[in-house]
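Understanding the architecture of this molecule
Spelled out, the chains give:
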Amino acid sequence: MITFTLCLLALITGYFLYGRFVERVFAPDDRSTPALTKADGVDYMPLPTWKIFMIQFLNIAGLGPIFGAIMGAKFGTASYLWIVLGSIFAGAVHDYLAGMLSVRHGGESLPEIIGRYLGLTAKQVMRGFTVVLMILVGAVFVAGPAGLLAKLTPESLDTTFWIIVVFAYYILATLLPIDKIIGKIYPLFAVALLFMAVGILAMLYVNHPALPEVWDGLQNTHPNADLLPIFPIMFVSIACGAISGFHATQSPLMARCMTSERHGRPVFYGAMITEGIVALIWAAAATYFFHRNGMEETNAAVIVDAITKDWLGTVGGILAVLGVIAAPVTSGDTAFRSARLIVADFLGMEQKSIRHRLYICVPMFLVAIGLLLYSLRDKDGFDMIWRYFAWANQTLSVFTLWAITVYLVREKKGHYYYVTYFPALFMTAVCATYICISPEGLGFENGIALPVALSSVAIAAFWFNIWYFRTTKKLW
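Note that residues are indexed from 1 along each chain, following the sequence as it is written. Restriction of local features to residues with pLDDT of at least 70 applies here, the model being predicted, together with a cutoff of 80 or more for giving and counting side-chain atom pairs; totals for whole chains, interfaces and linings are based on all residues. Excluding hydrogens and water, the side-chain values take into account all heavy atoms of the structure.

Glycine aside, negative phi is the norm for most residues, and most peptide bonds take the trans geometry. Omega for the peptide link from Phe 231 to Pro 232 comes to 10°, which places this bond in the cis form. Within the secondary structure, Pro 232 is located in helix 11 (residues 230–237). Of note in the backbone geometry, Ala 27 takes a positive phi value of approximately 65° without being a glycine. Strands here mean DSSP runs of E at least two residues long; helices mean DSSP runs of H or I at least four residues long; both are numbered from the N terminus. Secondary-structure assignment places Ala 27 in the loop between helix 2 (18–26) and helix 3 (34–37). Throughout, exposure labels follow a simple rule: accessible area from a 1.4 Å probe, protein chains only, divided by the maximum for the residue type, with under 20% read as buried, over 50% as exposed, and the rest as partly exposed. For Ala 27, a relative accessible area of 38% translates into the label partly exposed. With phi around 55°, Lys 412 is a residue other than glycine that occupies positive phi space. For Lys 412, the location among the structural elements is in the loop between helix 16 (381–410) and helix 17 (418–437).

The next thing to look at is the packing of aromatic side chains. In this description, a pair of aromatic rings is defined by centroid distance and the angle of the planes. Between the rings of Phe, Tyr and Trp (Trp by its six-membered ring), a pair exists once the centres lie within 6.5 Å; its type follows the angle of the planes, with under 30 degrees stacked, over 60 edge-to-face, and the other angles tilted. Per the counting criterion, the structure on display carries 33 aromatic pairs. Seen from their ring centres, Tyr 15 and Phe 16 are 5.0 Å apart, and the 80° between their planes marks the pair as edge-to-face. Given a relative accessible area of 47%, Phe 16 falls into the partly exposed group. Pairing Tyr 15 with Tyr 269 gives two aromatic rings, centres 6.3 Å apart and planes at 50°, and the pair type is tilted.

Looking at the protein chain as a whole, its pLDDT mean stands at 84, while 92% of the residues score no less than 70. Averaged pLDDT values over the elements of the protein chain bottom out at 76 in helix 14 (residues 300–347) and peak at 96 in helix 2. Here pLDDT means the predictor's own confidence in every residue, given as a number from 0 to 100.

Residue position: Asp 333 is located in helix 14. Despite its burial, Asp 333 remains without a salt bridge, the nearest opposite charge being carried by Arg 337 at 8.1 Å. Look past the residues within four positions of Asp 333 in its chain and what remains in contact with it is Tyr 169, Tyr 170, Ala 173, Thr 174, Ile 182 and Tyr 186. Charged-residue counts in this description rest on Lys and Arg as positive and Asp and Glu as negative, His and the chain ends being excluded. Note on definitions: salt bridges are taken to be side-chain nitrogens of Lys or Arg within 4 Å of carboxyl oxygens of Asp or Glu. Two residues form a contact once any of their heavy atoms are found within 4.5 Å.

As a further point, take the environment of Lys 38. Tracing the backbone shows Lys 38 in the loop between helix 3 and helix 4 (49–60). Setting aside its immediate chain neighbours within four residues, Lys 38 contacts Tyr 44 and Gly 106. Residues adjacent in sequence count toward polar contacts only when both atoms are side-chain atoms; beyond that, a polar contact is any pair of N or O atoms within 3.5 Å, and within protein one must be able to donate a hydrogen and the other to accept it. A distance of 3.5 Å separates polar atoms of two side chains, one belonging to Lys 38 and the other to Tyr 44. Among the polar contacts made by the side chain of Lys 38, one reaches the main-chain carbonyl oxygen of Gly 106 at a distance of 3.1 Å.

This part takes up the pattern of salt bridges. In this structure the tally under the stated criterion is 11 salt bridges. Residues Arg 265 and Glu 23 are paired through a salt bridge, measuring 3.3 Å at the closest nitrogen-oxygen approach. A residue pair is termed long-range when its members are at least 10 positions apart, and Arg 265 in helix 13 (residues 264–293) and Glu 23 in helix 2 qualify at 242 residues. Residue classification places Glu 23 among the buried positions, given a relative accessible area of 16%.

Its place among the elements puts Leu 193 in helix 10 (residues 182–207). Distance in space between the C-alpha atoms of Leu 193 and Leu 58 is 8.5 Å, their sequence separation being 135 residues.

Right, let's talk about the side chain of Glu 108 for a bit. Considering the arrangement of structural elements, one finds Glu 108 in the loop between helix 6 (78–104) and helix 7 (110–118). What makes Glu 108 buried here is its relative accessible area of 17%. Within polar-contact distance, the side chain of Glu 108 engages the side chain of Arg 116 at 2.6 Å. Once residues within four sequence positions are removed from consideration, Glu 108 is found in contact with Ser 102, Ile 113, Arg 116, Pro 252, Arg 256 and Asp 345.

Time to look at helix 18 (residues 446–472). Expected helix span is given by 1.5 Å per residue-to-residue step, counting one fewer step than there are residues. With 27 residues, helix 18 extends 38 Å between its outermost C-alpha atoms, agreeing within 8% with the 39 Å of an ideal straight helix rising 1.5 Å per residue. If you check which residues of helix 18 are buried, you get Ala 449, Ala 453, Val 457, Ala 460, Ala 461, Phe 464 and Tyr 468. Note on helix 18: the residue one or two positions beyond its end, Lys 473, has a positive phi of about 60°.

Residue types Ala, Val, Leu, Ile, Met, Phe, Trp, Tyr and Cys, when buried and joined through side-chain atoms within 4.5 Å, form a set referred to as a nonpolar core. Counting 159 residues, the largest nonpolar core has Ile 66, Leu 97, Tyr 170, Tyr 269 and Trp 282 as its most contacted members. Considering each element in turn, this core owes the most residues, 17 residues, to helix 13.

Definitions used for this entry: grid spacing 1 Å over protein atoms alone; cavity, a set of points where a 1.4 Å probe fits but cannot get out; pocket, an open set with protein on both sides within 12 Å along at least 5 of 7 lines; lining residue, one with an atom within 4 Å of a point. Grid points are joined across faces, edges and corners, and a volume is the space filled by probe spheres set on the points. Its boundaries defined by the atoms lining it, the second largest pocket holds a volume of some 640 Å³. Forming the boundary of the second largest pocket are 19 residues, of which Leu 118, Phe 399, Trp 402, Ala 460 and Trp 463 lie nearest the centre. Of the residues assigned to the lining of the second largest pocket, the class counts are 16 nonpolar, 3 polar and no charged. Think of it as three bins: nonpolar holds Ala, Val, Leu, Ile, Met, Phe, Trp, Tyr, Cys and Pro, charged holds Asp, Glu, Lys and Arg, and polar takes everything else, Gly as well.

Here the focus is helix 9 (residues 159–175). The end-to-end C-alpha distance of helix 9, which contains 17 residues, comes to 24 Å, matching closely the 24 Å that a straight helix rising 1.5 Å per residue would cover. Every buried residue belonging to helix 9 is among Trp 162, Ile 163, Val 166, Phe 167, Tyr 169, Tyr 170, Ala 173, Thr 174 and Leu 175, and all of these are buried.

Attention now moves to a nonpolar patch on the surface. A contiguous nonpolar patch, built from Ile 2, Leu 6, Leu 9, Ile 12, Phe 16, Leu 17, Val 214, Trp 215 and Leu 218 and spanning about 900 Å² of accessible area, is present on the exposed surface. Relative to the helices and strands, Val 214 is located in the loop between helix 10 and helix 11. Grouping into patches uses exposed residues only, defined as over 30% relative accessible area, and leaves out salt-bridged ones; the cut-off is 9 Å for like charges and 5 Å for nonpolar side chains (Val, Leu, Ile, Met, Phe, Trp, Tyr). Surface accessibility in these figures is a Shrake-Rupley result with a 1.4 Å probe; residues are shielded only by whichever protein chains are displayed.

Right, here's the structure in full:
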């Protein structure tokens with residue numbers, strides 16, 4: 001428990017120290033925000049800062065910080081360190097600067113921001129890439145909560161019934177103005193999710209389980225360690241609990257609702273640190289579960305159900321599971337909403353008209369339904385979609401980090417571009433290695449995959465340094 005406690009304190013301290021440092025690097029000011037200058041009553045709409053934080057937290061806290069952390073806990077103590085270091089120095093920096101760039105540029109969606117700094121080709125690629133990722137998120141985040149809801153309700157209300165209900169909710173939340181559904185129910189969902197986290201945290205200290213400590217070593221404890229090395233598999237498995245490209249697609253939603261740039265640190269950096277805390281709590285709880293029951297269980301929903309009912313009782317367990325259901329549901333709906341806005345920005349189509357919103361949403365929902373049917377029909381369909389989502393998610397973070405790095409250089413922020421330069425290099429290595437060795441990727445042997453991945457990192461670093469030298473006219 002000592003390592004866990006130190007990691008928890010490090011996350012909190014990181015918000016106040018490193019978060020404030022990154023805020024000074026960006027230098028927010030008192031200029032008018034898009035919520036005030038472009039208000040349309042649908043997407044651009046001033047909201048209270050506390051509500052924006054709640055919505056942002058739920059937008060980014062999908063299955064990743066819970067299910068991802070549970071699966072990542074199989075890798076041992078290394079999972080704690082990645083959650084802490086990744087959240088403070090990569091994920092929260094990524095979320096804050098991506099969100100603030102959207103605020104600074106009129107609420108632009110992520111592909112437009114990437115194109116602004118990485119060029120037209122990158123923008124065009126990212127437009128298609130992010131829309132596909134958003135639809136994947138929407139499809140992936142239907143089955144999980146529907147299955148949990150089916151467990152809590154009579155047999156007549158099976159998984160299929162709840163899939164229809166959740167998807168109907170997605171349609172309404174995507175089409176209606178942001179204050180009609182999202183602005184009203186997200187605070188209630190946030191209470192459930194935070195209750196879950198606080199309840200499990202309290203029971204960790206009450207039960208005081210014998211958790212592994214960092215000085216015991218960082219060896220891979222996964223039962224399939226030979227096939228699943230810590231690098232890069234763990235860094236993709238624990239995505240939303242450390243760094244996630246998906247977060248940068250959600251930040252523009254809240255950038256269009258903020259009334260001051262100075263609210264960015266609690267909204268963007270703070271939401272990511274809060275998510276890191278949730279991931280750390282679940283990683284510790286899962287470690288306890290695995291040590292007591294073995295590591296044969298692979299269904300994260302079963303683990304969540306067992307831990308919450310064992311530690312919080314029936315009523316507390318139901319409330320906690322509802323929090324787990326709320327997280328993916330509230331990420332799925334805003335994923336579709338984000339996809340609508342990305343397409344609207346690309347087409348230059350105003351979204352005040354419900355007719356224009358339908359033009360975009362109908363084809364998007366039809367594709368999502370097709371993916372969902374595939375995941376349900378094929379026994380390995382869900383796992384395959386999830387793996388593609390996980391890799392695409394982290395790959396998007398790579399593009400976002402490089403775009404922010406270019407921004408920091410162009411804005412003459414001194415050598416502060418390193419706050420995203422080193423995370424960009426690291427995540428480039430993670431994604432390149434993953435696609436080289438994963439079965440859904442190239443499937444190379446480690447002896448081939450690692451040199452290929454390292455070569456890609458070297459090329460990225462060389463390319464950036466050449467550009468940096470030409471841009472600044474001085475040696476780096």
